Amino acid sequence: MDEDRTRAERPPGGRRRFGRWCAGVLLTPVTVVLVCRACGVDGVTPVPQLLAFLPWSLVPAALALVLSAGSRWPVGCAWGVLAVVVTGLFLRPYGAGAPPAADPAGTRLRVLTANVEFGGATASLLKLLRSERPDLVSVQECAPAVCGAALDRAEVRAAYPYRRITGGGRAQASAILSRYPLERDGEVPGTLAMPRTVVRIGAARLRFQVAHPMPPVPGGVAVWRRELGRLRTMAAGRGTVPTVIAGDFNASRDHAAFRAVLDTGVRDCAAVLGAARTPTWPARWARVGVQIDHVLVSAALVPRAARFRDLAGSDHRAVVVDTVLLRHAAGGS
């Protein structure tokens, strides 16, 4: 009788096998993503897409750990614990560094980047320009018929007399607005327009680059990697001129192609200010989103504050960064 009771209390073998199978199914893609992240590669579809949401690997890893424990699978338990721990290690703050206690001497510059999604968030962008009053603006997906026409209004021209708008089509066009004089400085070749200018701030020169590589959609990962590589080449060849690269990078810090840009010595302002994981896309589901819109600066600029603002009509949030162009850097450029 006791033996029959013990046997009845044990989970059926079929149920254990099913629990172990489910745990393995959950842990396998998580492991592939974590191995790619650890090895510094973005892999092929669906790895680049999953890397963007790497923090959420904790959910299937934790569920697999529960299933492994419930089905009495020691290997699965160890596997699940390892997946949770490694994911947690990658979630540690990166690039954070407290700004100087006192404001450094130099020129204060406010930078705004906004993807207005085919021009749909143009009205919201105009409100941000009035409320935030940025000095330099990078706009992506500035559809000429909507966004381009709005930026040509007298009110905007009075506030931003210097501008460069390039590209056609709803997604391809990009714009640079500035309170300071601009000089054309070429562009980074890409499917979507990525113009560059030299900004004249008194006697100083500052290079301002729009970033908008193609997203890593299935079948388009090679293009995404190649265009991010071109941004890296631009950043690596910037020389001593103070540089800002702002836009929709379609990449997070968990992508090796984006970290390669950072490896050139430019800094992600949000990360420096402790906001590395603040999501910017998709705006409609901000709680589960990822930060793919960035403002990167060279050592000549000191980040002071970063804000993330909603853009009605866009699937992105705008990023507003306050920086200081150091006096010695400005004077020596």
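Residues numbered from 1 in each chain as written. Predicted model: local features only at pLDDT ≥ 70, side-chain atom pairs only at ≥ 80, totals over all residues. Heavy atoms only, no water.

Novice: For this particular structure, what's the right way to read the overall build of the protein?
Specialist: Each helix and strand in the protein was counted, giving 12 helices and 12 strands. With respect to the three principal axes, the spread of C-alpha positions in the protein is 90 × 45 × 35 Å. Looking at the protein residue by residue over its 333 residues, the buried ones come to 49%. Across the protein, contacts joining residues at least 24 apart in sequence account for 67% of those joining residues at least 6 apart. (Helix = DSSP H or I, 4+ residues; strand = E, 2+ residues; numbered from the N terminus. Buried < 20%, exposed > 50% of the residue type's maximum accessible area, 1.4 Å probe, protein only. Contact = heavy atoms within 4.5 Å.)

Novice: For this particular structure, what's the right way to read helix α7 (residues 144–151)?
Specialist: Helical periodicity: at 3.6 residues per turn, an α-helix aligns residues three or four positions apart in one direction. Considered for burial, the residues of α7 that qualify are C147, G148, A150 and L151. Projection of α7 onto a plane perpendicular to its axis shows the buried side chains occupying an angular sector of 160°, all on one side. (Arc of directions from axis to C-beta.)

Novice: Explain the pairing of strand β7 (residues 204–211) here, please?
Specialist: In regular strands, side chains alternate between the two faces of the sheet. Of all 8 residues that make up β7, 7 are buried, and the element is covered over most of its length. Summarising the sheet, strand β6 (residues 195–201) and β7 pair through 6 bridges and their orientation is antiparallel. The residue bridging R196 from the neighbouring strand is Q209, located in β7. Between β6 and β7, which pair antiparallel one after the other, the connecting turn spans 2 residues, and G202 there sits at a positive phi close to 65°. With 5 bridges connecting them, β7 and strand β8 (residues 243–248) associate as parallel partners. By the bridge assignment for β8, F208 is matched with V244. Read from β7 through helix α9 (residues 221–236) to β8, the crossover connection turns out right-handed. (Pairing = 2+ DSSP bridges. Right-handed = clockwise from strand over helix to strand, strands pointing away.)

Novice: Even after reading the chapter, I still don't get helix α2 (residues 13–39), so can you show me in this structure?
Specialist: Compared with the 39 Å implied by 1.5 Å per residue over 27 residues, the 38 Å span of α2 between its first and last C-alpha is a close match. Burial in α2 covers these residues: G19, C22, A23, G24, L27, V30, V33, L34, C36 and R37. Along its buried surface, α2 packs onto α3 (47–52), α4 (58–70), α5 (74–90) and α10 (256–262). (Expected span 1.5 Å × (residues − 1).)

Novice: Looking at this structure, how should I read the pattern of salt bridges?
Specialist: Should the charged atoms of two oppositely charged side chains come close, the side chains can pair. Counted under the stated rule, the structure contains 15 salt bridges. Ionic pairing is found between E155 and R130, a salt bridge with its closest N-O pair at 3.2 Å. Highlighted residues: E155 in helix α8 (residues 154–159) and R130 in helix α6 (residues 122–132), separated in sequence by 25 residues. Since its relative accessible area comes to 46%, R130 is described here as partly exposed. Put simply, R307 and E132 hold a salt bridge, and the shortest N to O gap is 2.9 Å. Of this pair, R307 sits in strand β11 (residues 301–309) while E132 sits in helix α6; the two residues are 175 residues apart in sequence, bridging distant segments of the chain. A relative accessible area of 25% means that R307 is categorised as partly exposed. The class for E132 is buried, based on a relative accessible area of 6%. Overlapping salt bridges bring together R110, E132, R307, R309 and D322 as one network. (Salt bridge = Lys/Arg side-chain N within 4 Å of Asp/Glu carboxyl O.)

Novice: Got a minute to help me understand the nonpolar core in this structure?
Specialist: Soluble, globular proteins show a tendency: their nonpolar side chains are buried together. Within the largest apolar cluster, 23 residues are counted, with the highest numbers of intra-cluster contacts made by V111, L206, F208, V244, V295, L301 and L325. For this core, the elements supplying multiple residues, two or more each, are β1 (106–115), β6, β7, β8, α11 (269–272), β10 (293–297), β11 and β12 (318–326). Among all residues touching L206, those that are not within four sequence positions of it are L109, L136, T197, V198, V199, I201, V241, P242, V244, L301 and L325. Of all hydrophobic cores here, the second largest spans 21 residues; its members include L112, A121, L125 and L311. (Core = buried A, V, L, I, M, F, W, Y, C linked by side-chain atoms within 4.5 Å.)

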